[in-house]
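For reference, the chains in residue letters:
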Amino acid sequence: MSKPQRLTYPTAMVLQALDRGLRHGFDIIDVTGVRSGTVYPLLRRLEEAGLVRAHWEDVEIARRESRPPRKYYELTDRSQPLLQTARERFPALASVPRGGEVGDSA
Amino acid sequence: MRQSRAAERSAILPNMISPGARPLRTVAFGYRILRLISFLVPVRARPEWIREWHAELFYTWGLEGRRRRSMISAYVRCFGAVEDALWLRIQRRDRSMLLHDLRYAGRSFARNPGFTSVVIITLALGIGANTAIFSLVDAVLLRPLPVASPSELMDVWTSCRRGSAYCTSSYPDYVDYRDRSRSFSDLAAFSSASLIVTDKGDPTVLSGALVTGNYFPLLGVRPALGRLLVPNDDVLHDPQTALVLSHRTWDSRFGRSVEMIGSTLRINGTPFTVVGVAPDGFRGTRLAEEPAFWIPMSTMTIFSNDGGTLLDGRGIRWIGGIIGRRLPGVSIEQAQSDLLSISQQLDEEDPNRSGRIITAEATRAITLPAETGADIVRFMVLLMSVVAAALLIACANVANLLLARASARRREIGIRLALGAGRKRLITQLVTESVMLSAVGALVGIGVAMLALRALSGFALPGFVTIASLDLHLDARILAFTATLAVATGVLFGLFPALQTTTPDLVKSLKAQGGQAGARRIMRTRGWLLSVQIALALVLLVGSGLFLRSLRNGLNLDVGFEARSLAMGGVSLARRQYTESTARQFVRDLTGRVAAHPGVRHVSSAVFPPLARGGAGFFITVDGYTSGQGEEMRIEANWVAADYFATLGIQIMDGRGIATEDREGAPLVAVINETMANRWWPAQNPMGRTFRQQADGSGAEITIVGVAQDVKQGLTEDPEPFIYYPMMQHMERAYSQIHILAATDGSADNLLSVLREGVRSLDPSLPVEDLQTLDNRFAEYLMPQRMGSTLLSTLGALTVLLAVVGISGVVGYSVNQRRREIGIRLALGGSSRHVLGVMARGALIPVAVGAGIGVLAAVAVTRFATTFMYDVAPTDPLTFVSAPLLLVVVALIAAYFPARRATKINATEALRTE
């Protein structure tokens, strides 16, 4: 929990994507192009470090849209310093689009 | 627990899927795979893990329009699930324990280098073969086009008048689809053409693509250098002669020179300005057609004498492909019904359009013409199953070897169990060992895969897609596949032995008598593994036998002409400003020059070369014959020069062949084939009968002067009615592309230079295309058979080798286990032959069982490969008898040597030892 988070490029991308309002693992994969086998462990690691908070969406919503319920992730306040460092270290992050731009395809 | 799982399932499964039973099955299947993988995840995290990945699977599937095929990419994406699960597993475990296990395994493998290397080589071959074939599948079917949002793209086709839904379109068709459709943001058209490119050196023919100005903007491709084509380049009556080079051409022909931008290349004699270079990795949107350059479609009017009609004629269907980008929010089904209603509108406006429909499909990795596409998919499935079977054999073999090793370690494991080691802990350790083996195997396997891909690069897929032209490389996706495979393999072959050797009653093994029960159980498991291995090996052997037989049949197939002594070369006279009369003179001069060479027996020419899969289609009316209701009077035809039949060695059954006097101005004549003669003049003499070249009977009268023996137009097709017209009487149709054919008494290879020199001496600026011997052309047709039989027989030989290892391992093990028993038998006067029989039986019974299962499995499986077989039934008796026979003989030999060791046992010594 208190272990310092290693800041790799994929970590930075995932942080940036979450900050831009993307909320599920698969959205982040689509937008960042980082592979699923990297994104999910990253999200879990960030969650353990307390930088990301996760919750399950209401089953009723999923039922109405005829799909399985999704797990939503969002940044906590504690992630801000790391996000700042990430932006300074990887200026290319600015190209990660906003949540609204990819659209919810369900 | 069980109840909560059921509840969780019912909460997710029933309401997640759109109507239709198939998708339900496919997603449910994916769900099952996830559940399997979830066993890697620690129990506490498992339910949540499954739910999250299920949402991922469902999303990915929905992304591509919820079609069955998109499940493949959903599965590929879920490979990540294995990594995620492993990560969780390792995360929640004591890391020092894992390190300890790895170190322990490493030490014990280092002590048995022989065992370790056999296992690693076996696995490397299995994993390597799978990696190689998967990278092929990936390049052909899975990898998305390197363009912006490829999932929005759709391929649009116009149907043929009859038959295939996937035919070419005309330019007015394209314009209508583009302007009337409401579901696409834009539609672009492209058509490939072989064009003559002249830079500094010799003129060469390169495949180029004519594309509409919106092609690159629609795809969203960015140039590597300069700019790409834009709508302003493609103005109908004022085309810009701008040209974009492919990255590969820029690299290989022009050495990546930046100065190419702004320079001039002559295409069919017209100067074009190079404006840019396409990005690396962009190879157009068709698998079989990688263009060397792109030019605006409207420049077609410059090349073609009747360029105007190309752009206006609804009947001239020269547009090879149309690609569209769906508007956001428009589903594939909506786009399809939109296009269908356009085809209905067009039919109402123009009754002559004869009800062609418009088909649209989501663009896959790389667009394939549909029929070839289906063949390629089938071939890929075949290859994947073959290498998967080979990997399973490797797994069974390695599991067998591990069992042998485990039985040697039973004492050690028994002691550890007795001292209170947890069974789970021991199993984890044993599986860690096997995963470590498979990981090393996978590393070596990557090397094997690279060698295999190099070996395969000489082959071609169905539809003449050469493997060398594919962009094959081991990228992250493929390495992820290999890693997943390695872990799965390790667990698969490691778990069995681990479960076997750690059964609690193994504690007995500490007792003096050495745990006979445990040994017998291991023996039984080894027997089963051997059966599985033999069964799979037999399927591969039968498969390779069938492929080899069909390759041989293909090579011996009588196509109706003599291929061994023939060579051909093509010239496109129309592209070089030849007129009909100069073209006639050129063909006459060339024929004379080639014929003058010593060793050349016959020279002729034809528009369609042999094995061109038919010719041009015509509707005809036969004088004195009323066609029945719905009878198709469409016939394929070729234009040939004098001496054609003698050159190819085709027999004239009646009348005469095409001769020199059938020239321009002479009465119109034709030679027909036997099938045509039998169809319209059965039991009559067709000589002197007449027919006309129009469906309404208006065309000029053509007299039949000869009947030629049937020849094959492709390799598998049955002969169809066919007409040969004299080329000189129809030069207006013929001179766009003419193939010169020459026959020799000697080697056809020598003819190649004769043909090339002949053309060069008459017109140095005219390139010779398709220059090859007919044997070579023939070989191209047999590529899938050649590739299949090479791959299958290589794997077949390897699996037989593995079977030898397996069988001698099993017999050797049982000899060691039963030393006392053998000693008693020998002491009581048992003959060595008797002992030999007893020992060999232990292996031969599993072999017999495996062979039985294998034959049944082969019967069930081989029928899926019928598309690639010539004249071989999938249940070919010769193959089905000889393959099991071969295996049994090999099994006998493999069992004999270790069994003989048993007869050499000294009875007193054996009884004295424990």
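Remember, predicted model here, so these are calculated numbers, not experimental data. (Residues numbered from 1 in each chain as written. Chains lettered and ligands numbered in written order. Predicted model: local features only at pLDDT ≥ 70, side-chain atom pairs only at ≥ 80, totals over all residues.)

S.K.: Which residues make up the overall build of chain A, and what values go with them?
M.R.: Check the secondary structure of chain A and you find 6 helices and 2 strands. Looking at chain A as a whole, 36% of its 106 residues are labelled buried. Across chain A, the fraction of contacts at a sequence separation of at least 24, relative to all contacts at a separation of at least 6, is 64%. (Helix = DSSP H or I, 4+ residues; strand = E, 2+ residues; numbered from the N terminus. Buried ≥ 20, exposed ≤ 12 C-beta atoms within 10 Å, placed from the backbone. Contact = placed C-beta atoms within 7 Å.)

S.K.: How would you sum up the overall build of chain B? Please name residues and give values.
M.R.: Regarding its fold elements, chain B presents 28 helices and 24 strands. Expressed as a percentage of the 914 residues in chain B, the buried residues total 44%. Taking the contacts inside chain B whose residues are at least 6 apart along the sequence as the reference set, 81% of them involve residues at least 24 apart.

S.K.: Outline the environment of Leu774(B), listing residues and values.
M.R.: All names here are of chain B. Considering the arrangement of structural elements, one finds leucine 774 in helix α23 (residues 774-781). Linking leucine 774 and methionine 568, residues 206 residues apart in sequence, is a C-alpha distance of 7.0 Å. Those residues in contact with leucine 774 that lie beyond four places of it in its chain are Ala563, Leu566, Ala567, Met568, Pro610 and Ala748.

S.K.: Which residues make up the confidence of the model for chain B, and what are the values?
M.R.: All names here are of chain B. Here chain B averages 80 in pLDDT, while 87% of its residues score no lower than 70. Low pLDDT, under 50, characterises residues 1-24; the stretch is placed with 20 contacts to residues that sit more than four places away or in other chains. Two numbers describe this predicted complex: its pTM, 0.66, and its ipTM, 0.88. (pLDDT = per-residue confidence, 0-100.)

S.K.: Got a sec to walk through helix α3 (residues 36-48) of chain A? Specific residues and values, please.
M.R.: Because the α-helix completes a turn every 3.6 residues, residues three or four places apart line up on one side. Residue and element names in this part refer to chain A. Over its 13 residues, α3 extends 18 Å from the first C-alpha to the last, a length consistent with the 18 Å expected when each residue adds 1.5 Å. Among the 13 residues of α3, 10 are classified as buried, and the element is accordingly described as predominantly covered. Just downstream of α3 lies glycine 50, where phi reads positive at about 80 degrees. (Expected span 1.5 Å × (residues − 1).)

S.K.: How would you explain the interface of chain A and chain B if you had to name every residue and give the values?
M.R.: On the chain B side, the residues contacting the 17 residues of chain A number 23 residues. Of all elements in the fold, only α2 (25-32), α3 and α4 (59-64) of chain A reach the threshold of two or more residues within the side of chain A that touches chain B. By residue number, the principal contributor to the side of chain A that touches chain B is α3(A), which donates 4 residues. When grouped by side-chain class, the residues that make up the side of chain A that touches chain B number 7 nonpolar, 5 polar and 5 charged. (Nonpolar A, V, L, I, M, F, W, Y, C, P; charged D, E, K, R; others polar.)

S.K.: Lay out the confidence of the model for chain A with the relevant residues and their values.
M.R.: The predicted coordinates should not be examined in detail at positions where pLDDT is low. Averaged over every residue, the pLDDT of chain A is 80; the share at 70 or more is 86%. Every residue in residues 100-106 of chain A is under pLDDT 50, and counting partners more than four places away or in other chains gives 10 contacts.

S.K.: Would you mind going over the nonpolar core in detail, with residue names and values included?
M.R.: Residues and elements named next belong to chain B. Core analysis: the largest hydrophobic core is formed by 101 residues, its most contacted members being Val386, Ala390, Leu538, Leu540, Ile807 and Ala843. Counting residues per element, this core draws most heavily on helix α13 (residues 370-408), at 19 residues. Each residue touching alanine 843, except ones within four places of it in the same chain, is listed here: Leu530, Ile807, Val810, Val811, Ala891 and Ala895. Counting residues in each nonpolar core, the second largest holds 64 residues, with Tyr644, Ile672, Phe691 and Ile702 among its members. (Core = buried A, V, L, I, M, F, W, Y, C linked by C-beta atoms within 7 Å.)

S.K.: So what's going on with helix α22 (residues 749-762) of chain B? Which residues, and what values?
M.R.: All names here are of chain B. For α22, every residue scored as buried is listed here: Leu751, Val754, Leu755, Gly758 and Val759. Seen end-on, α22 carries its buried residues on one side only, within an arc spanning 125 degrees. Residues of α22 that are exposed and point more than 90 degrees away from the buried face comprise Ser753 and Ser761. Its buried side turned inward, α22 meets β13 (566-571), α18 (580-595), β14 (600-606), β23 (738-744) and β24 (769-773). (Arc of directions from axis to C-beta.)

S.K.: Provide a residue-level description of the packing of α2(A) against α3(A), including the pertinent values.
M.R.: Residues and elements named next belong to chain A. The N-to-C vectors of α2 and α3 enclose an angle of 130 degrees; their axes lie 10 Å apart at closest approach. In terms of axis orientation, α2 runs oblique to α3. Here α2 and α3 pass one another in a crossing that is right-handed. Only Ser36, Val39, Tyr40 and Leu43 of α3 make contact with α2, whose side of the interface consists of Gly25, Ile28 and Ile29. Along the lines of polarity and charge, the residues of the contact of α2 with α3 split into 5 nonpolar, 2 polar and no charged. (Axes fitted to C-alpha atoms, helices over the stretch in contact; angles between N-to-C directions. Parallel < 35°, antiparallel > 145°, perpendicular 65-115°, else oblique. Left-handed = near helix turned anticlockwise from the far one by under 90°.)

S.K.: Break down the environment of Ala670(B) for me, with residues and values.
M.R.: All names here are of chain B. Looking at the element boundaries, alanine 670 is found in strand β19 (residues 669-673). Taking the C-alpha atoms as reference, alanine 670 lies 9.5 Å from tryptophan 639; in sequence the two are 31 residues apart. When residues no more than four places from it in sequence are discounted, the contact partners of alanine 670 are Ile702, Ile704, Ile723, Tyr724 and Tyr725.

S.K.: Go over unusual backbone geometry, please, and point to the residues and values.
M.R.: Positioned with a positive phi, Ser149(B) is a non-glycine residue whose angle comes to about 35 degrees. With respect to the element layout, Ser149(B) can be found in the loop between α6 (113-142) and β1 (153-158).

S.K.: Let's hear about the environment of Arg901(B): which residues, and what values?
M.R.: Take Arg901(B): it is sitting in helix α27 (residues 877-903). Expressed as a C-alpha distance, the spacing of Arg901(B) and Asn816(B), which sit 85 residues apart in the sequence, is 9.6 Å.

S.K.: Quick one: what's the story with the pairing of strand β17 (residues 634-640) of chain B, residue by residue and with numbers?
M.R.: Residues and elements named next belong to chain B. The element β17 is largely enclosed, with a buried count of 5 among its 7 residues. Relative to strand β22 (residues 722-726), β17 runs parallel, the two being bridged by 5 bridges. Bridged to alanine 637 within β22 is isoleucine 723. (Pairing = 2+ DSSP bridges.)

S.K.: Hey, could you go over the pairing of strand β7 (residues 270-277) of chain B for me, with residue numbers and the actual values?
M.R.: All names here are of chain B. Relative to β7, strand β4 (residues 225-226) is paired through 2 bridges, and the arrangement is antiparallel. By the bridge assignment, leucine 225 is partnered in β7 with valine 277. Bridge analysis of strand β5 (residues 242-245) against β7 gives 4 bridges, and the strand direction is parallel. The partner of alanine 242 across the bridge, within β7, is threonine 273. With 4 bridges joining them, strand β6 (residues 264-267) and β7 adopt antiparallel strand pairing. Across the sheet, the residue bridging to arginine 266 is proline 271, located in β7. Connecting β6 to the antiparallel partner β7 that follows it, the hairpin turn spans 2 residues, and asparagine 268 within it adopts a positive phi of roughly 50 degrees.

S.K.: I'd like to hear about the packing of helix α15 (residues 423-456) of chain B against helix α16 (residues 476-501) of chain B, residue by residue, with values.
M.R.: At their nearest, the axes of α15(B) and α16(B) sit 7 Å apart, and the two run at 140 degrees to each other. Seen along the crossing, α15(B) lies across α16(B) with a hand that is right-handed.

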